[in-house]
Amino acid sequence: MNDDNRVTRRRVDAAEIRHANRRWWDTDADAYQTEHGAFLGDVDFVWCPEGLREADARLLGELAGRRVLEVGAGAASCARWLATEGALPVAVDLSAGMLRHAARAAERSGVRVPLTQADALALPFADASFDIACTAFGAVPFVDDSAALMREVHRILRPGGRWVFSVTHPMRWIFLDDPGEGGLTAVHSYFDRQPYVEQDEGGVATYVEQHRTLGDRIRELVGAGFRLVDLVEPEWPAGHEGIWGQWSPLRGRLFPGTAIFVTERPDRAVGARP
C-alpha cells in the first residue's frame, strides 16, 4: 500500500487474523492468479519465486502411491502435479476464492484432485492418514500459532512421513518489501516478531503475515516431534529476470529470499527404546 498509515507491525488476535486473511485471499484470488498463474502453471510444483521446482529438487521423496496433503494449496497446481507423479494428493485451503481457481484449473488441465476448505490449524483428517504433507508459501506465515500448525501436521502424518514447506526467508524481515535499491537497507529488527499488518481506515486488519526467526521455526518443528532433514535456501538462478513482489534479481543475487524446511516424523518417538 502507498499509505504508510495503513501498514504497520502490531499484535493481532487469532480471530482477526483468520478473518482478515480469509477475506484477503477470497478477494485477491482473481488478481493473484492473473499476476502469478502463468509462473505457477496449472500442473506444476514451484517451491518459490526463485523458480525451484519439485521435479528438479525432489524434496518430498518417493511419490508413487503416497497419500499427500497440500496445506494452504491455493489453486492447487502442486497437488495436480503430484497426481501426475502417481501420488494420491488432497488439497486444502481456507479460501473459497482460491479453491474456485483450483476447480477452474482442474477443468482446463483435466487433472482433478480432491479439494477441501479447511483451517490449517484444524485439519479434518484422521491421525496418521497421510505419508507426506507440503506447502509452497501456504498457511504457515498466515496463522497466529504456527507451532500449533506443526503439531497438527505431525498428527495427520504417519510415522516416517515427510513435512516440507517453503516460506519467506526469515532474514528478509529486516528489509522493506521493495525489489529495488530501497530493499537493500536493513530497517527492522530480525527479533521483532510483531506481525506485518495491512489495515483499513478504521484500523481493522485486512492482511496479516507472521515472522519467525530460523531458531523459532526449528524449535516449533522439534517441539512438534519432527526431525530436521535439510534447510534449503534456493539461489537466484542465472537468466531469471522476473520480479515477484519483493523478489528480484537485484536482491536474490545478494541474499536468500526463500527458506524450505525439509522434515520427517520419526518412525518412533525420540528417546523411545528400539
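It should be noted that the structure appears before, not after, this text.
Attention here is on the structure that accompanies the text. Within any chain, residue numbers begin from 1 and follow the written order of that chain's sequence. Given that the model is predicted, a residue must reach a pLDDT of at least 70 before its local features are reported, and side-chain atom pairs must reach 80 or more before they are shown or counted; all residues, however, enter totals for whole chains, interfaces and linings. Hydrogens are left out, water is left out, and the side-chain values use all remaining heavy atoms of the structure.

**Remarks on the overall build of the chain**
So, point 1. Helix and strand counts for the chain come out as seven helices and ten strands.
So, point 2. Here the C-alpha radius of gyration of the chain, 18 Å, is about what a compact globule of 274 residues would show, namely 19 Å.
So, point 3. Counting the 274 residues in the chain, one finds 50% classified as buried.
So, point 4. For the chain, restricting intrachain contacts to residue pairs at least 6 apart in sequence, the fraction spanning at least 24 positions comes to 70%.
So, point 5. In the form shown here, the chain has an accessible surface area of approximately 12,500 Å², with 51% of it arising from carbon and sulfur atoms.
So, point 6. For the purpose of charge, His is not counted, nor are the chain termini; Lys and Arg are scored as positive and Asp and Glu as negative. Each charge is placed at NZ for Lys, CZ for Arg, CG for Asp and CD for Glu. Put simply, the chain has 31 plus and 40 minus side-chain charges, and the middle of one group is 6 Å from the middle of the other. Helix and strand definitions follow DSSP, with helices as H or I runs of at least four residues and strands as E runs of at least two, each counted in order from the N terminus. The quantity called the radius of gyration is restricted to C-alpha atoms. Its globule counterpart is 2.2 Å times the number of residues to the power 0.38. Three exposure classes are used, based on accessible area relative to the maximum for each residue type with a 1.4 Å probe and protein chains only: buried under 20%, partly exposed in between, and exposed over 50%. Residues count as neighbours in contact if any of their non-hydrogen atoms are within 4.5 Å of one another. Shrake-Rupley sampling with a 1.4 Å probe provides the accessible areas, and residues are treated as covered by the protein chains on show and by no other component.

**Digging into the sheet that holds strand S8 (residues 205–209)**
So, point 1. Here three strands make up an open sheet; going across it, the order is S1-S7-S8 and the pairing antiparallel. Each having just a single partner strand, strand S1 (7–9) and S8 make up the two edges of the open sheet. Across the sheet, the mean angle separating the axes of adjacent strands is 25 degrees when strand polarity is ignored.
So, point 2. Here S1 pairs with strand S7 (residues 196–199) via three bridges, running antiparallel. Bridge pairing in S7 links Arg9 to Tyr196. The criterion for strand pairing is that DSSP finds at least two bridges linking the strands in question. Between N-to-C directions, angles cover 0 to 180 degrees, with each direction set by a line fitted to C-alpha atoms, over the stretch in contact for helices.

**Topic: the pairing of strand S3 (residues 88–93)**
So, point 1. Judged by how many residues are buried, S3 sits mostly within the fold: five of six residues are covered.
So, point 2. Two elements, strand S2 (residues 67–71) and S3, share five bridges in a ladder whose sense is parallel. Counterpart to Arg67 in the pairing with S3 is Leu88.
So, point 3. Read from S2 through helix H3 (residues 77–84) to S3, the crossover connection turns out right-handed.
So, point 4. Where S3 lies against strand S4 (residues 115–117), three bridges are found, and the strand directions are parallel. When the sheet's bridge partners are listed, Ala91 is paired in S4 with Leu115.
So, point 5. Here is how to tell: hold the view so the strands point away, follow the path from the first strand over the helix to the second, and if it runs clockwise the crossover is right-handed. For the crossover that starts at S3, traverses helix H4 (residues 96–109) and ends in the parallel S4, the hand is right-handed.

**Structural notes on the sheet that holds strand S10 (residues 258–264)**
So, point 1. With mixed pairing, seven strands are arranged side by side in an open sheet as S4-S3-S2-S5-S6-S10-S9. Two strands close off the open sheet at either side, each with one partner strand: S4 and strand S9 (227–232). For this sheet, the mean angle separating the axes of adjacent strands, direction not counted, is 20 degrees.
So, point 2. In terms of strand pairing, S9 meets S10 through five bridges, oriented antiparallel.

**Points about unusual backbone geometry**
So, point 1. Phi is positive for Arg58, which is not a glycine, with a value near 50 degrees.
So, point 2. Position of Arg58 relative to the elements: it lies in the loop between helix H2 (54–57) and S2.
So, point 3. By relative accessible area, which is 40% here, Arg58 ends up partly exposed.
So, point 4. Residues other than glycine seldom take positive phi values, yet Ala76 does so here, at roughly 65 degrees.

**A short note on the environment of Gly65**
So, point 1. Considering the arrangement of structural elements, one finds Gly65 in the loop between H2 and S2.
So, point 2. Residues Gly65 and Pro89, spaced 24 residues apart in sequence, show a C-alpha to C-alpha distance of 9.6 Å.
So, point 3. The contact partners of Gly65, leaving out residues within four places of it in the chain, are Gly86, Ala87, Leu88 and Asp131.

**Quick word on the nonpolar core**
So, point 1. Among buried residues, those of type Ala, Val, Leu, Ile, Met, Phe, Trp, Tyr and Cys that are joined through side-chain atoms within 4.5 Å constitute a nonpolar core. Core analysis: the largest hydrophobic core is formed by 26 residues, its most contacted members being Leu69, Leu149 and Trp163.
So, point 2. Formed by 17 residues, the second largest nonpolar core is a distinct cluster that contains Leu59, Leu63, Trp81 and Leu82.

**Brief notes about the pairing of S8**
So, point 1. For S8, a buried count of four out of five residues is recorded, marking the element as mostly surrounded by other parts of the structure.
So, point 2. Sheet analysis places S7 next to S8, joined by four bridges and oriented antiparallel. Directly across from Tyr196, in S8, lies its bridge partner Glu209.
So, point 3. Counted along the chain from S7 to the antiparallel partner S8, the turn is five residues long, and its residue Gly203 has a positive phi close to 85 degrees.

**Structural notes on the pattern of salt bridges**
So, point 1. Whenever a carboxyl oxygen of Asp or Glu lies within 4 Å of a side-chain nitrogen of Lys or Arg, that contact is scored as a salt bridge. As enumerated under the stated definition, the model contains 18 salt bridges in all.
So, point 2. Where Asp42 meets Arg108, a salt bridge forms, and the shortest distance between an N and an O atom there is 2.8 Å. Taken together, the positions of Asp42 in the loop between helix H1 (14–40) and H2 and Arg108 in helix H4 put the pair 66 residues apart, joining distant regions of the chain.
So, point 3. Classification of Asp42 as partly exposed rests on a relative accessible area of 27%.
So, point 4. Overlapping salt bridges, with partners in common, bring together Asp127, Glu152 and Arg155 in one network.

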